[in-house]
Structure formats: C-alpha cells, structure tokens
2 protein chains.
Amino acid sequence: MAEVKKPKIEQAFLTGSSPEIRVPFKAVTLSNGEKLLLSTVEGAEPAAKEQPKLRAPWINARVGDKHRTQVDYAKAGIITPEMEYAAIRESAAVGPDAAFSPEDVRAELAAGHAVLPCNRMHPECEPMVIGKRFAVKVNANIGASALSSGFDEEIAKLRLALKHGADTIMDLSAGVNNLMQIREAILRASPVPIGTVPVYEALDRAHGDPSLLTWEFFRQVVIDQAKQGVDYFTIHAGLTQDLLPFAAKRTMGIVSRGGSIMASAMLRQQAENLAYAHFDELLEICREYDVALSLGDGLRPGGLCDACDEAQYGELKNIGKLALRCREAGVQCFIEGPGHVPLNRVFENQDLEDEYCSKAPFYTLGPLVCDIAPGYDHITSAIGGSLIAWRGTAMLCYVTPAEHLALPKPEDVKVGLITFKLAAHAADVAKGLPGARLRDDAMSRARVEFRWYDQFALSLDPEHAEAVWKEQMPEECAHEPSFCSMCGPRFCPMRLNRKLKAAYDVK
Amino acid sequence: MAEVKKPKIEQAFLTGSSPEIRVPFKAVTLSNGEKLLLSTVEGAEPAAKEQPKLRAPWINARVGDKHRTQVDYAKAGIITPEMEYAAIRESAAVGPDAAFSPEDVRAELAAGHAVLPCNRMHPECEPMVIGKRFAVKVNANIGASALSSGFDEEIAKLRLALKHGADTIMDLSAGVNNLMQIREAILRASPVPIGTVPVYEALDRAHGDPSLLTWEFFRQVVIDQAKQGVDYFTIHAGLTQDLLPFAAKRTMGIVSRGGSIMASAMLRQQAENLAYAHFDELLEICREYDVALSLGDGLRPGGLCDACDEAQYGELKNIGKLALRCREAGVQCFIEGPGHVPLNRVFENQDLEDEYCSKAPFYTLGPLVCDIAPGYDHITSAIGGSLIAWRGTAMLCYVTPAEHLALPKPEDVKVGLITFKLAAHAADVAKGLPGARLRDDAMSRARVEFRWYDQFALSLDPEHAEAVWKEQMPEECAHEPSFCSMCGPRFCPMRLNRKLKAAYDVK
C-alpha cells in the first residue's frame with residue numbers, strides 16, 4: 001500500500017519595499033503541487049512569549065514628528081510602513097496588483113473609512129487594517145474576572161484565539177487584582193491589536209461604586225492603558241443623558257456592561273456622561289499614543305424586542321457626531337454596533353451607520369437574529385454577522401456558545417472563533433474580495449479527487465475535520481481514496497463524474 | 001432559602017370543528033404565570049412505538065371519492081380535516097383569527113403554493129403544511145447504510161429528530177437488506193411526513209449497477225413505497241440528457257447521490273432520464289396514494305465554484321415545467337434547491353425558483369455559503385438557510401456538523417436540528433409571521449428578571465442550556481437570582497435597569 005501524499009504547511013514571508021516589512025503567512029503546498037498562501041495572525045514567532053518588536057524602528061524614526069497618528073500621516077499623503085505592511089497582508093492571496101496597494105490603505109485611512117489600530121507603545125503589533133473595502137475581521141474577547149481563574153488561563157486563551165485567527169483581541173479583564181500585569185503580559189505576547197473597555201478598570205478603581213466614578217479615575221486609567229500599549233479603547237461616550245428615558249422604556253434596558261456602568265454613574269451623580277463631557281481630553285490622550293477609539297454602543301439592544309429603537313439609533317446619531325470630532329482631531333475611530341436584531345432589519349443597521357457615522361468602519365456584536373437559542377448563540381450571531389458584514393461591516397466581534405449562560409471556556413473560544421471566521425469569509429466571498437474564493441475552490445477540487453488531507457489543510461479547523469473523518473473512516477481508505485463514509489464503497493457520485501467528463505470529452 | 005419556582009411544561013390540545021381534529025402542543029407555564037403554546041412534532045403519544053392512526057376515519061370516509069389528493073379537494077373548494085388540522089397547528093401562538101384559517105391552507109394548496117404531504121397509507125401522519133406563507137419547516141435526514149449499524153439506530157434517530165423538532169423526516173436508507181422493514185417501522189412510529197429517494201432502493205434492486213436500472217425496477221419501488229405510506233418522493237426527473245454536458249464541465253460535477261445515479265444510468269444506457277420519460281406514470285401512482293413529489297435537484301452545486309451555473313438553472317427550468325404537469329394531474333409538488341451558493345446569490349435562487357416553478361414551495365439544502373469549514377457546515381448552511389427562508393423558502397433540509405466528513409451520529413442529528421430550527425425561527429421572525437416573536441420576547445423578559453429556569457423552558461435545547469449554566473453557577477444563585485457568571489456579583493447591568501426604570505418612573 002502506497003504512502004498517502006500529504007500537504008505541507010510552512011511559514012512564509014512576503015516582504016515590502018524594505019526588508020523590515022516582512023509579513024508572515026502560512027504557505028500551503030497541497031499534495032498535487034497546488035500552492036496557496038493563507039493568512040495567519042500568530043505572528044512571526046508564534047511560540048515566543050514576547051513577540052518581536054517589529055515596529056520599534058518605525059516608531060523611533062518618527063519621534064518628534066508633528067504627525068502623531070496613522071490618520072495624520074494618511075491625511076498628509078504619507079504611506080507609513082504600517083500601511084504597506086497591512087496592504088501586503090490584505091493581498092496575500094492574489095498579490096498587491098490584483099488586490100490592495102499601500103496607497104489604497106492610505107486613502108481609506110485618510111477618508112476615515114478604515115482604521116489601523118497600532119499604539120506606539122505596542123511595537124509588537126503586526127499592522128492590520130479594518131475597513132469595508134478590506135477582508136472582514138474578527139475580534140475575540142478574553143479577560144479574567146472575579147469568577148475565572150486569571151493569569152495563565154488568559155494567556156492560554158490569547159494563544160488559542162491567535163491560533164484560530166482572531167484579528168484583534170479585547171481584554172475585558174475586570175474585578176481582579178492584577179489587571180495591569182495581565183494586560184502587560186497580553187500586550188507583549190500579542191501580535192494583534194489589543195482593545196479594552198477602560199471604564200471596567202475605572203469602576204474597579206472607584207471601589208466598584210458608580211457614584212464614585214469620576215473623570216479623574218477614568219482619565220488616569222485611559223492614560224495608564226495607553227502607556228502600556230492598548231491599541232483601541234471602547235468608550236461609551238454616545239450614551240448621553242437625554243437618551244436615558246428611552247432606555248428606561250425598554251424591556252431589556254441597558255445590557256452593555258460598559259453602557260450600564262456609565263448610565264449608573266450618570267444616574268447616581270445626576271451628571272452628563274463623563275466620557276462625553278471630557279471627549280476632547282480623551283482625544284488628546286488617544287492622539288498622543290495613536291490609540292484608536294471604538295465608539296461603544298452602550299444602548300445596543302439586548303433582545304429583538306428592543307432592536308432598532310429610539311435609544312439605539314439616538315445613540316448611533318450621537319456617535320456619528322463624535323466620529324467627526326475624532327476625524328478633526330486626527331484620532332482613528334470606528335463604531336460599535338448591535339447586538340440583537342431581527343434578520344429583516346440587519347441591513348438597515350449598516351445603512352444607518354454609514355449615514356450617521358460618515359462611513360467610519362462598523363464593528364458589530366453579531367447581530368443575533370433570534371433570542372431562543374442559548375447554547376447556540378454563536379450560530380444566531382454568525383447568521384446576522386455574515387449578513388451585516390456582506391453589507392459592509394468591517395469587523396465582527398465573536399460570540400461564543402457560552403453567551404447568555406456562562407463565561408466562555410477554551411473550547412468555547414475556539415468554536416466562537418471558527419464560527420466567526422467562516423461568517424467573515426462568507427462575507428468576503430459575497431463582497432467579491434479579490435482572491436477570497438481561491439481557498440474554497442481548492443477545497444472543491446480536493447473533494448472531487450478524494451484528497452482528504454488536502455481538505456483538512458484547507459479547513460478552518462483542520463484538527464477537528466480530520467478527527468471527525470478518521471473516526472468513521474478506516475485508515476486504509478486514505479490510501480485508496482475512492483469512496484467515503486457518506487455513500488460507502490458501492491456507488492460513488494465522484495466516480496460517476498470521471499465517467500461523465502470522459503463521456504463528454506471534458507478534461 | 002426559598003425553593004425556586006420552576007416553569008411547567010405540559011401536553012395540551014387545541015381542537016377544531018370536530019373532536020377528532022385535536023392538535024397537540026406543549027403548554028408552557030412560566031414561573032411568573034405567563035403562558036405560551038409551543039409547537040411539537042412528537043405526536044399525540046410521544047412514547048408510543050406505533051403512533052395513533054388519527055387520519056384513519058378521514059381517509060375511510062373518502063373511499064370511492066372522485067377526488068384523490070389534498071390538492072384535488074383544495075381545487076374543488078373543499079376543506080379537509082387535514083387542512084383544518086394544519087391550520088390550527090400554524091396558528092397555535094396567536095389563534096386562528098390572527099394567523100391562518102383552514103381556508104388559507106386550502107387556498108394555498110389549490111394555488112400550488114403549499115403542500116400537505118399525507119399519503120393515505122400513512123394514517124399516523126399528523127397533517128402539516130409546507131408553504132411560503134406558513135412557518136418555515138425543517139427536514140432531518142436519517143437512514144441506514146452499509147457502513148452504519150441499522151434498524152434500532154435509525155428508530156432512535158427518528159425519536160431524537162422528533163424530540164428536536166423535525167417537521168418532516170427523510171429516510172435515506174440504502175445498501176442494506178432490511179430496507180422495507182426499516183421503512184415500515186419508521187412510518188408506523190412517525191407522526192410527521194416521511195420522504196424517501198426511491199432511486200436508492202431501485203439501484204439496490206438493480207444489484208447496484210446503474211446499467212441495469214430500468215423503469216420496471218423504479219416503478220415497482222415507487223409503488224411499494226407508496227403502499228407503505230411514504231408521504232413524499234424525491235424524484236430527479238429534471239436532470240435531462242441535454243444538461244449532462246453542462247454538468248461535465250463543472251469542477252464538482254454531480255454531487256447529488258440521486259442525480260448521479262440517474263446520470264450514470266443515462267450514460268450507461270444512452271437513454272433519457274427514466275423518471276422524466278415516465279413522468280406521467282409516476283404522477284398516476286402519486287395521485288393514487290396522494291404522495292407529494294419533491295422534484296429533486298440532481299444538479300445542485302457541490303461547491304461555490306459550480307453555483308448558479310447553466311446546469312443548475314437549466315434543471316430548475318425543467319423542474320418548473322414538471323411542476324405544472326403535477327398541478328394539472330392533481331399531484332402535490334415542491335421543488336428542491338441548493339446546495340452551495342455564495343451569500344450574494346442566495347436571494348437570486350429563491351427568486352428564480354418563484355419565476356420558473358410558478359411559486360411551488362421551495363425546499364433547500366442550506367445553502368452553504370462557504371466551502372472551507374468542514375465540521376461546521378451546519379453553520380455555513382444555517383447562514384444561507386435563514387437567508388433563503390426569509391426570502392420565501394418553505395422548508396430547509398438540515399445539514400449536520402458531520403457533513404462532508406462522515407455519517408451523522410445522534411449528537412450530530414441533534415445539533416443539526418437545533419441549528420436549523422433556529423435558522424427557520426429567525427426567518428419566521430423576519431417574515432413577520434404572526435406570533436413568531438412571542439417566545440423571543442418571553443425569553444427577554446425572563447433574562448431581565450433572572451428567571452433562569454424559565455429561560456431554559458423557552459430554549460430550543462433546554463437541557464443543554466441548563467447544563468452549560470449549571471457548570472459555572474453555584475446552585476444557590478438560582479435561589480437568589482441577582483447576578484450571573486458573566487459579570488459576577490459586583491456590578492450587574494440588570495440591577496441597574498431597575499434603578500433606571502425607577503428614576504424615569506417607568507413600570
């Protein structure tokens with residue numbers, strides 16, 4: 001029995017105009033010799049506890065420059081190494097001539113239609129771009145909490161998330177003592193942008209009491225986190241006092257944790273949203289470090305019953321005005337979106353975001369298209385997610401099977417990510433993104449030819465696919481690949497197809 | 001510590017104009033006294049090995065009548081007990097005044113826009129209706145094969161599928177000796193319509209050799225299965241000789257097992273599709289027993305690469321003509337659809353089906369919106385499935401996580417069904433089906449009030465939801481439900497909402 005030919009997966013690099021611009025990929029050589037480049041977010045040294053500081057020379061070369069942020073450079077017509085790096089990353093499948101040039105990235109950043117989150121204090125961050133024209137990105141949330149076990153577990157979740165393709169990661173740690181140390185370890189180990197929700201830590205510093213949550217606490221957290229290298233902040237500055245009565249009328253009220261902390265402080269202190277009131281100061285800090293703002297939707301609906309109401313859309317309008325202030329200040333920004341939305345109103349959410357927020361990139365949680373499937377909400381949200389991403393949403397926040405029930409375990413992180421990578425990919429294909437379908441088509445050819453190990457190499461979750469297959473398929477069938485367990489050995493549609501091609505003289 | 005109040009789930013019946021028309025439901029009484037009726041397909045006696053023959057008196061009363069099929073009666077303006085039963089079933093949530101009357105069901109059947117599959121030899125079948133105006137239905141495939149273990153396993157899968165809401169079940173058994181006995185057991189135990197693909201058994205009778213597959217074999221199988229009580233047949237009669245060259249040009253060729261058997265016979269025998277050639281005879285048999293025809297898409301695409309091509313749409317046009325012949329003959333029919341289709345071409349498939357097939361109900365497999373997620377194809381297909389169902393597809397064939405890799409195990413059957421029930425439900429909500437959102441809204445209220453056991457009772461998979469929750473949540477929290485494991489005990493958005501309502505004087 002002949003040894004079955006297996007595909008090879010190796011690390012490869014594409015370099016840009018200077019040797020420092022060196023973008024890692026997975027180079028797949030299938031058993032029939034076909035080659036594909038697949039993207040990776042695991043970094044140039046996936047095993048390293050501390051990632052290489054690839055951006056350090058670029059950052060150092062800019063010290064003292066009047067431009068502070070990627071959007072400053074973009075508006076000035078300057079292409080940074082980060083932009084070139086991100087363009088190569090987007091173009092792997094088909095090359096930059098057929099896909100995106102560094103100039104494309106610059107132009108989208110300058111217009112505010114894309115963001116490239118890369119705090120100057122996070123030199124380990126491999127540049128990537130989030131915007132409607134580019135591949136749909138997926139964010140994974142991790143984070144320690146009072147009920148979870150903390151440090152090592154979170155670093156393990158980070159690696160797991162990177163392995164399964166998280167384009168950015170949000171560290172939502174809160175309510176634990178070693179917040180700074182956890183974040184530090186995550187930042188140094190992460191080749192992808194790290195986002196946080198500063199109000200979580202601000203509440204911790206205010207002893208968990210929203211009535212003590214002052215701008216001073218908030219401001220100091222933002223500065224501390226910016227100095228550590230956090231690449232983007234979710235700030236719920238659009239949830240203003242005038243919207244609270246609309247939220248009060250809802251069935252579900254406020255379900256965003258950050259939004260409800262803000263609202264609680266506003267109620268207790270009878271004061272305007274402190275992030276809104278001090279927005280210009282926030283912009284100064286963000287500009288200093290080039291932290292992108294993810295303008296949070298504190299009023300995202302928590303059930304279909306509250307979707308698309310005055311509270312949600314009123315906040316979106318506010319956020320749109322804040323987005324313009326970000327642009328004027330040279331601060332990158334993107335817009336967070338729902339949440340729970342029925343299928344027939346998903347498009348409307350993207351369309352209104354375009355209208356109210358001047359086409360700043362949209363970053364949604366799902367949306368979840370029904371409320372009755374706890375345990376399966378990675379799926380209800382992937383349905384809404386793929387749909388809204390096809391319509392133009394630039395990044396999807398994953399939802400795990402644990403949503404609405406518990407904190408995600410490592411298996412949940414994995415399943416959530418694979419689910420959202422497939423939803424994002426389906427949207428890329430639907431958008432007609434250059435090269436998006438190469439991998440699907442290679443899969444189809446591998447299926448026709450019973451190249452099972454090639455199929456696994458092309459899968460979003462190769463280990464799982466192989467394990468499921470192996471359980472039913474005796475090993476020898478891999479060596480004589482003329483049938484599979486679905487139809488059994490007797491009649492096989494794939495064999496018929498060879499005869500069909502012969503009959504009609506098709507090669 | 002007070003005992004936590006738990007919801008009650010009981011069997012209930014709604015009756016029609018005669019006491020024999022008695023439709024079972026699950027009556028849920030939540031812990032706060034709220035009541036909901038949820039549909040069930042487990043039958044009036046879920047535990048019974050042989051289901052009650054509820055239709056026997058109705059069938060007997062019609063002996064000798066000139067009308068043979070439900071569509072005959074519908075065209076004649078006659079409302080059968082089956083139609084009334086199906087209307088009650090569709091209207092449970094809101095009652096027949098707000099949803100569908102028996103006359104609605106009759107009118108949709110008469111127009112050919114709906115089917116009510118109920119072979120007169122399957123008196124155990126509880127009537128249900130499949131059509132664009134009604135709730136989206138889900139089919140589950142089961143079936144013994146040469147590589148699976150057979151009889152008991154299939155009956156167990158049937159019960160599992162019913163437990164998780166399969167509206168119809170296809171028995172795809174093939175390549176085993178006791179086909180007739182397995183089908184007999186399934187039919188007698190099944191309160192839902194049973195579909196088959198007769199060509200599988202025909203090929204078995206032809207010793208697995210497509211060159212020996214004659215009309216005589218085929219005809220006899222169709223008669224035998226009709227006599228047993230099969231409620232609908234998938235017949236690949238639209239795959240005509242002129243389409244084979246288009247199929248030969250494809251990357252994936254023919255991936256439908258039934259379609260490839262047909263094509264193989266056509267090639268070997270240099271003859272036209274025997275189901276096409278003998279379609280009138282098929283119609284006579286179907287009319288005699290009132291078997292509905294599910295006009296199969298033997299040329300459904302097996303990958304995005306072959307979607308929406310001349311082969312697929314050419315066959316759909318053929319099928320449209322056959323659908324008209326069904327209507328003329330008084331035979332109920334519906335139309336099978338893809339398969340693998342990119343997200344941006346999903347709507348087009350429904351729209352063309354409406355156009356070519358005179359709005360006969362569409363019944364699709366997915367569609368799967370990408371090819372790179374083996375092990376997760378229940379999700380890729382639920383995305384396309386919810387989208388096409390929102391556009392008007394009447395029934396979705398489930399896809400399990402085992403798709404493309406192995407035969408589904410019981411856990412796969414369950415996960416596939418829950419996934420498709422949620423996709424169908426999302427479409428029902430999006431279609432604005434009367435009462436579709438009652439269950440979601442009850443869930444939202446239960447979430448706000450930490451009524452965990454009510455949440456489980458409202459879930460598509462109560463056992464799983466409760467198990468995930470329990471694993472992280474200490475039992476006592478169920479008794480003092482003021483926080484959950486997601487945010488922990490310290491700050492809770494739900495508690496804030498009570499204050500918010502108080503502050504703005506909202507009840």
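The text that follows walks through the structure, step by step, so that each part is easy to find. Computed from a prediction, not measured in an experiment: that's the story for all the values here.

## Re the pattern of salt bridges
Residue and element names in this part refer to chain A.
- A full pass over the atoms with the stated rule returns 72 salt bridges over all chains.
- We note a salt bridge from Glu42 to Lys26, for which the minimum N-O separation is 3.7 Å. You can see Glu42 sitting in the loop between strand E3 (35-39) and helix H1 (56-61) and its partner Lys26 sitting in strand E2 (residues 22-29), a full 16 residues away along the chain.
- A relative accessible area of 29% places Lys26 in the partly exposed class.
- Because the salt bridges share partners, they merge into one network encompassing Glu34, Arg445, Glu449, Arg451 and Asp454.

## Describing the sheet that holds strand E11 (residues 333-337) of chain A
Residue and element names in this part refer to chain A.
- Around the barrel, eight strands lie side by side as E6-E7-E8-E9-E10-E11-E12-E13; this closed barrel has parallel pairing. On average, each strand axis in the sheet is inclined to that of its neighbour by 25°, with strand direction left out of account.
- Here strand E7 (residues 168-171) pairs with strand E8 (residues 194-196) via two bridges, running parallel. Bridge pairing in E8 links Met170 to Gly195.

## Some words on the side chain of Thr69 of chain B
Residues and elements named next belong to chain B.
- Turning to its location among the elements, Thr69 is positioned in the loop between helix H1 (56-61) and helix H2 (70-75).
- Classification of Thr69 as buried rests on a relative accessible area of 1%.
- At 2.7 Å, the side chain of Thr69 and the backbone oxygen of Gly330 are in polar contact.
- Residues within four places of Thr69 in sequence aside, it is in contact with Arg287, Asp290 and Gly330.

## Let's talk about the relation of the copies chain A and chain B
- Each copy superposes on the other: chain A lies on chain B with an RMSD of 0.0 Å after a rotation of 180° and an axial shift of 0.0 Å. The superposition operator between the copies reduces to a two-fold rotation axis. In terms of proximity to the rotation axis, the leading residue of chain A is Ile383 of chain A, whose C-alpha is 2.4 Å off the axis.
- Mapped onto chain B, 99% of the interface residues of chain A are again interface residues, and the two copies thus contact each other with one and the same surface.

## Notes on the packing of helix H7 (residues 198-205) of chain A against helix H10 (residues 257-269) of chain A
Residue and element names in this part refer to chain A.
- In the contact formed by H7 and H10, the axes pass within 9 Å of each other and the chain directions differ by 45°. It follows from the interaxial angle that H7 and H10 lie oblique. Taken as a pair, H7 and H10 cross one another with a handedness that is left-handed. Along its contact with H7, which presents Val199, Tyr200 and Leu203, the element H10 presents Arg257, Gly258, Ile261 and Met262.
- Within the contact of H7 with H10, the residues separate by chemical class into five nonpolar, one polar and one charged.

## Thoughts on unusual backbone geometry
- Following Gly366 of chain A, the chain continues into Pro367 of chain A via a peptide bond in cis, with omega recorded as 5°.
- Along the chain, Pro367 of chain A falls in the loop between strand E12 (362-365) and helix H15 (377-391).
- For the bond running from Pro338 of chain B to Gly339 of chain B, omega is 10°, close enough to zero to count as cis.
- When you line up the elements, Gly339 of chain B lands in the loop between strand E11 (333-337) and helix H14 (346-356).
- Phi is positive for Gln270 of chain B, close to 50°, though the residue is something other than glycine.
- Along the chain, Gln270 of chain B falls in the loop between helix H10 (257-269) and helix H11 (274-277).
- Non-glycine residue Phe450 of chain B carries a positive phi angle of around 55°.
- Within the secondary structure layout, Phe450 of chain B lies in the loop between helix H17 (438-448) and helix H18 (452-458).

## Details of the nonpolar core
- In terms of nonpolar packing, the biggest core is built from 246 residues, with Phe218, Leu293 and Leu295 of chain A together with Phe218, Leu293 and Leu295 of chain B touching the most fellow members.
- Once residues within four sequence positions are removed from consideration, Leu295 of chain B is found in contact with Ile235, Phe279, Ile319, Leu322, Ala323, Cys326, Cys333, Phe334, Ile335 and Glu336 of chain B.

## What to know about the interface of chain A and chain B
- With 106 residues of chain A at the interface, the matching set in chain B holds 105 residues.
- Where chain A abuts chain B, roughly 8800 Å² becomes buried across the two surfaces, and 68% of that area is made up of carbon and sulfur atoms.
- For chain A, the biggest contributors to the area lost against chain B are Ile372, Tyr376 and Phe491 of chain A; these three give 9% of the whole.
- At the junction of chain A and chain B, the tally comes to two salt bridges.
- A salt bridge links Lys409 of chain A to Glu471 of chain B; its shortest N-O distance comes to 3.0 Å.

## Considering H15 of chain A
Residue and element names in this part refer to chain A.
- Between its first and last C-alpha, H15 extends 21 Å over 15 residues, near the 21 Å set by a 1.5 Å rise per residue.
- In terms of burial, H15 is largely enclosed, as 13 of its 15 residues are buried.
- Gly392, located one to two residues past H15, shows a positive phi value of around 140°.

## Here's the deal with the packing of helix H6 (residues 179-189) of chain A against helix H8 (residues 215-228) of chain A
All names here are of chain A.
- Following both chains from N to C, one finds H6 and H8 inclined at 30°, their axes separated by 10 Å at the closest point. Where H6 crosses over H8, the two elements pack in a sense that is right-handed. Residues Met180, Arg183, Glu184, Leu187 and Arg188 of H6 touch H8, and the partners they reach there are Asp224, Gln225 and Gln228.
- Across the contact of H6 with H8, the residue classes break down as two nonpolar, two polar and four charged.

The rules behind each value
- Residues numbered from 1 in each chain as written.
- Chains lettered and ligands numbered in written order.
- Predicted model: local features only at pLDDT ≥ 70, side-chain atom pairs only at ≥ 80, totals over all residues.
- Heavy atoms only, no water.
- Salt bridge = Lys/Arg side-chain N within 4 Å of Asp/Glu carboxyl O.
- Helix = DSSP H or I, 4+ residues; strand = E, 2+ residues; numbered from the N terminus.
- Buried < 20%, exposed > 50% of the residue type's maximum accessible area, 1.4 Å probe, protein only.
- Pairing = 2+ DSSP bridges.
- Axes fitted to C-alpha atoms, helices over the stretch in contact; angles between N-to-C directions.
- Polar contact = N/O pair within 3.5 Å; in protein donor to acceptor, adjacent residues only side chain to side chain.
- Contact = heavy atoms within 4.5 Å.
- Least-squares fit on C-alpha atoms with pLDDT ≥ 70 in both.
- Parallel < 35°, antiparallel > 145°, perpendicular 65-115°, else oblique.
- Left-handed = near helix turned anticlockwise from the far one by under 90°.
- Nonpolar A, V, L, I, M, F, W, Y, C, P; charged D, E, K, R; others polar.
- Core = buried A, V, L, I, M, F, W, Y, C linked by side-chain atoms within 4.5 Å.
- Buried area = accessible area lost by both parts, 1.4 Å probe.
- Expected span 1.5 Å × (residues − 1).

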